[in-house]
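Structural description and commentary
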Amino acid sequence: MAIPSEAVRVRYAPSPTGDFHVGGARTALFNYLFARHHGGRFVLRIEDTDQKRYNPEALNWLLRGLRYLGLDWDEGPETGGEYGPYVQTQRLEIYREHTRRLLESGRAYRCFCTPERLEAVSRELQEKGQNPGYDRFCRKLDPEEAAVRAARGEAHTVRFRMAESGEITVHDLIRGDITFQNANLQDTVLMKSDGIPTYHLANVVDDRLMKISHILRGDEWVNSLPLHVHLYRALGWEPPVMAHLPLILNPTGKGKMSKRESRAPDGRVMPVFVRRFEEMGYLPEAMINYLALLGWSFDDRTEIMSRQELIERFSLERVNASPAVWNYEKLDHLNGYYIRQLPVTELAERLLPFLRAAGFEADREKVLKVAPLIQERITTLSDAPAVANFFFLEELPPYDAAELVPAKGDAGMARIALEKAREALAAAGFTQAELEAALRSAAGDLKIKPGQMFQPIRVAVCGRKAAPPLFETLEVLGRETCLKRIDEAIRKLQS
RNA sequence: GGCGCUAUCGUCUAACGGUUAGGACGGAGCCCUCUCAAGGCUCAAAUACGGGUUCGAUUCCCGUUAGCGCUACCA
C-alpha cells in the first residue's frame with residue numbers, strides 16, 4: 001500500500017466513562033502498530049462530551065493501561081502536541097464555531113423539541129409500525145425565527161439536515177464499499193442543548209483539525225459512517241481513510257466482549273479490564289501479542305511476535321473483517337511462553353511485587369533462586385505465591401499425612417524412607433548434585449525405588465505432591481528447614 | 001422491526017480459482033521424567049445451506065439461514 005509516511009496520523013479516541021477495556025486496548029494497539037509501521041503519529045484524544053457518564057478515574061485507568069502495554073502516544077494528554085488541546089471539553093468553542101457554519105449554510109437546523117416530545121414521537125412511529133426516530137418537526141422552522149428563539153435563551157439542540165433521498169457509498173479499507181440509503185438516515189443531533197457537541201460532530205471536527213489520515217475504530221461504528229461522511233462533505237472536507245476493525249466477542253461467542261468482569265463456572269475471575277490483567281500478572285509482551293492476533297495475522301504459521309516484529313509486519317490488508325471470540329486459554333499459553341522466555345533476573349524482578357503482595361518476606365537474592373524453579377510452572381505472575389509458598393513460609397500449611405505415602409507403599413515405608421532421608425540429609429553436602437547422589441544411594445540401601453523415597457521427602461518439604469524438582473528445591477530451602485520439615489512429617493506419620 | 005456487518009476445525013486463523021484445506025490454543029495418546037510442569041512426536045477436528053459464474057470454487061456473484069452490531073440531547 002502506498003502510504004506516504006509523514007502523512008500517517010491515527011488516533012485512539014476513548015470516552016472516559018469507565019475502566020480501560022481490552023476491546024479498547026486492541027483498537028489502541030492497531031492504531032499504534034499502524035502508526036509505528038508507517039513512521040506516522042499516534043494521537044490520543046479524550047472524547048469526554050458525555051458529562052452524564054463521565055468518570056473522573058477513567059483517564060488514570062486509561063493512561064496507566066496504555067503505559068503498561070507500552071503504547072506510547074505522540075500527541076495527547078500529558079504529552080501535548082501542536083494540534084491540542086486533546087481533551088474535547090477544552091475545545092468547545094471550536095465545535096460551536098463549526099456548528100455556526102453548518103447553521104449558516106443550512107446544513108443544520110435548530111430543534112426546540114423537548115425530550116418528552118421526542119420520546120412520544122418515537123413511540124408513536126413505532127406503534128404505527130414505522131421506524132422510531134425524529135419526525136423532523138423543527139426542520140421546517142424559519143431559521144431567522146429559530147435564531148431569535150435561541151437568542152432569547154430557549155433550550156434547543158442543533159440537528160444535521162440529512163439528505164432525504166439518494167444513497168451514499170463509503171469505502172472501508174477492510175470491508176470494501178458500503179452503501180446506505182439516505183432515506184434511512186436520521187437528522188442526528190450534533191449539538192446538545194447544554195452547548196456540548198455529540199460524538200459525531202466533535203469526532204469529525206477533531207479528526208479534520210488534528211489532520212487524522214486514517215480512522216481505525218471498532219466495527220460498532222459502521223452505522224455512523226454515512227452520517228460522518230455527510231458531515232465531512234457538509235463542512236467542505238474530504239473524509240479520512242476509514243477502516244473498521246472486527247469486534248471482539250465474549251468467550252461464549254455470544255455478544256460483544258462484556259464490559260463487566262464475570263466468573264467462570266469454576267469461580268475463576270474472567271478479567272476484561274487492562275488493569276486487571278496487569279494485576280493478575282499478565283506480561284505486556286503476551287497481551288500485545290495476543291491482542292495483535294485478534295483480527296490480524298501475519299501468515300499461516302507465525303504467532304509469536306515481539307513488539308518490534310509486530311510493528312514491522314503489521315498491515316491493514318491482513319486485518320480480518322469477521323469478529324473474533326476472546327480466548328483466555330490462548331492468552332494464558334502466550335503468557336506462560338513469555339514468562340519462560342524471560343531471563344531469570346528479569347523474572348525475579350517482576351515476581352518480587354507479587355510475592356510481597358502475598359505477604360511473603362521476599363528479597364531479591366531469595367527470589368533469584370526461586371524464580372528458575374517456578375518459571376515453567378506458572379502461567380501468570382500472580383500464580384507464583386501459591387506455587388512457591390513453601391520457599392517463603394516458616395510454617396507449612398497443613399497437609400494430609402496420607403500425602404506422604406508413596407505409590408505402591410504404605411505409611412510404614414514412608415516413615416522409614418523419611419528417617420533414612422533425614423540421616424542422609426544431615427550428612428550430605430547441600431548442593432543439588434550431592435543431594436541427588438546421597439538420596440539415590442539411601443533409596444538403594446532401603447531397596448526401594450528412588451521415587452518412593454523422593455515423594456515422601458517432596459511432600460514433607462513442600463507440603464504437596466506437585467512441586468518443583470526435588471534436589472534444587474532442597475538446596476534452596478537449606479539443610480535446617482529441610483530437616484525440620486522432615487521431622488514434622490515423621491511426627492505426622494506417627495500420630 | 002429497520003439498517004449494516006460477518007460466515008474455514010470448539011476457538012484464533014492460513015489459502016488472495018487448481019493444496020492430501022496449513023498452523024496455533026484447547027482435547028486425546030505416546031515419549032522424556034523424582035512429582036508437577038516444560039519440551040518432543042502422533043491423532044481427532046472445518047470450508048453453514050442452496051443456486052449461479054468457471055474446465056475448476058474455501059476463494060467471485062445472488063439468495064437462504066445464523067451470529068453480531070447499530071437503531072439516544074451515550075460514545
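Note that the coordinates shown come from a computational prediction; the quantities given were computed from them, not determined experimentally. (Residues numbered from 1 in each chain as written. Chains lettered and ligands numbered in written order. Predicted model: local features only at pLDDT ≥ 70, side-chain atom pairs only at ≥ 80, totals over all residues. Heavy atoms only, no water.)

Attention now goes to the sheet that holds strand 4 (residues 157-160). By definition, the strands of a sheet pair up through backbone hydrogen bonds, in either a parallel or an antiparallel sense. Taken together, the three strands give an open sheet; going across it, the order is 3-4-7, and neighbouring strands pair in antiparallel fashion. The open sheet has two free edges, formed respectively by strand 3 (108-111) and strand 7 (189-191), since each of these has just one partner strand. Here the average twist between neighbouring strands, direction ignored, is 45 degrees. Taken together, the four bridges between strand 3 and strand 4 define a ladder with antiparallel strand orientation. Of the residues in strand 4, the one forming a bridge with Ala 108 is Phe 160. (Pairing = 2+ DSSP bridges. Helix = DSSP H or I, 4+ residues; strand = E, 2+ residues; numbered from the N terminus. Axes fitted to C-alpha atoms, helices over the stretch in contact; angles between N-to-C directions.)

This part takes up the protein's contact with RNA strand B. Near RNA strand B lie 66 residues; those nearest to it are Asp 50, Lys 192, Glu 376, Arg 377 and Arg 458. With respect to RNA strand B, the side chain of Asp 50 contributes an N or O atom lying 2.3 Å from a sugar or linking oxygen. One of the side-chain nitrogen or oxygen atoms of Arg 301 is found 3.2 Å away from a sugar or linking oxygen of RNA strand B. Elements represented by at least two residues in the surface near RNA strand B include exactly helix 4 (115-127), strand 4, strand 6 (176-181), strand 13 (324-325), helix 11 (328-341), helix 17 (450-462) and helix 18 (470-477). With four residues, helix 11 is the single largest residue contributor to the surface near RNA strand B. A breakdown of the residues in the surface near RNA strand B according to their chemical character gives 25 nonpolar, 17 polar and 24 charged. (Near = heavy atom within 4 Å. Polar contact = N/O pair within 3.5 Å; in protein donor to acceptor, adjacent residues only side chain to side chain. Nonpolar A, V, L, I, M, F, W, Y, C, P; charged D, E, K, R; others polar.)

Structurally, chain A comprises domain 1 (91-245), domain 2 (342-392) and domain 3 (401-494). Its C-alpha centre places domain 1 at a distance of 55 Å from the equivalent point of domain 2. (Domains from an automatic or database assignment.)

Ranked by internal contacts, the top residues of the largest apolar core, which has 117 residues, are Trp 326, Leu 351, Leu 439 and Met 453. Sort the elements by how many residues they give to this core and helix 1 (residues 22-37) lands first, with nine residues. If near-sequence neighbours (up to four positions away) are discounted, Leu 351 is found in contact with Val 367, Ala 371, Ile 374, Ile 378, Leu 381 and Ala 384. Listed in part, the 34 residues of the second largest apolar core include Val 43, Ile 196, Tyr 232 and Trp 237. (Core = buried A, V, L, I, M, F, W, Y, C linked by side-chain atoms within 4.5 Å. Buried < 20%, exposed > 50% of the residue type's maximum accessible area, 1.4 Å probe, protein only. Contact = heavy atoms within 4.5 Å.)

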